[in-house]
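The residues making up each chain are set out below.
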Amino acid sequence: MEFVEIVNSGIHPIQNLPILNAVEKLKGDKVKWAQDVIVKGFETLESKLKWTYTNPESVKFCCGDTVTMADVFVIPQMFNADRFKVDMSRFPFLNTLRTNCMKLE
């Protein structure tokens with residue numbers, strides 16, 4: 001459940017379009033803002049995965065061998081990371097998670 005809450009309160013709403021538009025209206029860089037929010041959240045998620053799994057290759061899903069809401073919440077944020085050109089090479093555990101989830105139908 002912790003994975004869900006990190007995305008739900010720490011990543012997703014802060015880089016939603018209305019917030020990005022408000023950042024831009026205040027003369028901020030909305031791309032930089034989104035990148036910073038995503039990276040901060042991903043650093044937390046990556047550390048949680050590192051604590052659970054011994055190495056990136058051992059990751060199947062966020063919470064074990066089956067898909068949970070955590071995976072459903074995390075994967076769309078990875079597409080946002082692509083959209084805002086976040087360097088995902090820093091997150092090997094999340095990258096393995098994404099690969100496994102993208103194999104699902």
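In this text, all values refer to a predicted model and were calculated from it rather than measured experimentally. (Residues numbered from 1 in each chain as written. Predicted model: local features only at pLDDT ≥ 70, side-chain atom pairs only at ≥ 80, totals over all residues. Heavy atoms only, no water.)

Q: Would you mind going over the packing of helix H3 (residues 30–52) against helix H4 (residues 69–83) with me for this structure?
A: Between two packed helices, what matters for the description is the angle formed by their axes and the separation of those axes. Two elements in contact, H3 and H4, have axes whose closest approach is 11 Å; the angle formed by their N-to-C orientations is 140 degrees. Overall, the two elements H3 and H4 adopt an arrangement that is oblique. As for the relative orientation of H3 and H4, their crossing is left-handed in sense. Side by side, H3 and H4 meet where Ile38, Phe42 and Leu45 of the first sit next to Val74, Gln77, Met78, Asn80 and Ala81 of the second. The residue makeup of the contact of H3 with H4, split by class, is 6 nonpolar, 2 polar and no charged. (Axes fitted to C-alpha atoms, helices over the stretch in contact; angles between N-to-C directions. Helix = DSSP H or I, 4+ residues; strand = E, 2+ residues; numbered from the N terminus. Parallel < 35°, antiparallel > 145°, perpendicular 65-115°, else oblique. Left-handed = near helix turned anticlockwise from the far one by under 90°. Contact = heavy atoms within 4.5 Å. Nonpolar A, V, L, I, M, F, W, Y, C, P; charged D, E, K, R; others polar.)

Q: What is the right way to look at a nonpolar patch on the surface in this model?
A: Among the surface-exposed residues, Val67, Met69, Val72 and Leu104 lie close enough to one another that they form a single nonpolar patch of about 350 Å² accessible area. Along the chain, the position of Val72 falls in helix H4. (Patch = residues over 30% accessible without salt bridge, like charges linked within 9 Å, V, L, I, M, F, W, Y side chains within 5 Å. Areas by Shrake-Rupley, 256 points an atom, 1.4 Å probe, with all protein chains shown as cover. Salt bridge = Lys/Arg side-chain N within 4 Å of Asp/Glu carboxyl O.)

Q: What is the right way to read the packing of aromatic side chains from this model?
A: The description of an aromatic ring pair uses the distance of the two centres, along with the angle that the planes make with each other. Within the structure shown, the criterion is met by 1 aromatic pair. Measuring from ring centre to ring centre gives 5.6 Å for Phe42 and Phe91, while their planes differ by 85 degrees; the resulting arrangement is edge-to-face. One end of the pair, Phe42, is in helix H3; the other, Phe91, is in the loop between H4 and helix H5 (92–102), with 49 residues separating them in the sequence. Residue class for Phe42 comes out buried when judged on its relative accessible area of 0%. Across the ring face of Phe79, the terminal group of Arg98 is positioned such that the distance to the ring centre comes to 4.6 Å. (Phe/Tyr/Trp six-rings, centres within 6.5 Å; stacked < 30°, edge-to-face > 60°. Buried < 20%, exposed > 50% of the residue type's maximum accessible area, 1.4 Å probe, protein only. Lys NZ or Arg CZ within 6 Å of the ring centre and 35° of its normal.)

Q: For this particular structure, what's the right way to read the confidence of the model for the chain?
A: Fine structural detail should not be taken from predicted coordinates in areas where pLDDT scores are low. Taken as a whole, the chain shows an average pLDDT of 88; of its residues, 96% reach a score of 70 or greater. Put simply, helix H1 (residues 2–11) is where the chain has its lowest mean pLDDT, 73, and H5 is where it has its highest, 95. (pLDDT = per-residue confidence, 0-100.)

Q: Help me understand the side chain of Arg98, please; the structure alone is not making it clear to me.
A: Looking at the secondary structure, you find Arg98 in helix H5. A distance of 2.5 Å separates the side chain of Arg98 from the side chain of Asp82, its partner in a polar contact. (Polar contact = N/O pair within 3.5 Å; in protein donor to acceptor, adjacent residues only side chain to side chain.)

Q: What is the right way to look at the pattern of salt bridges in this model?
A: Close approach of charged atoms allows side chains with opposite charge to pair. A full pass over the atoms with the stated rule returns 4 salt bridges. Close ionic contact of Lys30 with Glu24 constitutes a salt bridge, the shortest N to O distance being 3.8 Å. On the accessibility criterion, Lys30 (25% relative accessible area) is partly exposed. The class for Glu24 is partly exposed, based on a relative accessible area of 43%.

Q: Explain the nonpolar core to me, please; I cannot follow it from the model alone.
A: In this structure, Phe42, Leu45, Val74, Leu94 and Leu97 are the most contacted members of the largest nonpolar core, which totals 29 residues. Contributions of two or more residues to this core are made by H1, H3, H4 and H5. (Core = buried A, V, L, I, M, F, W, Y, C linked by side-chain atoms within 4.5 Å.)

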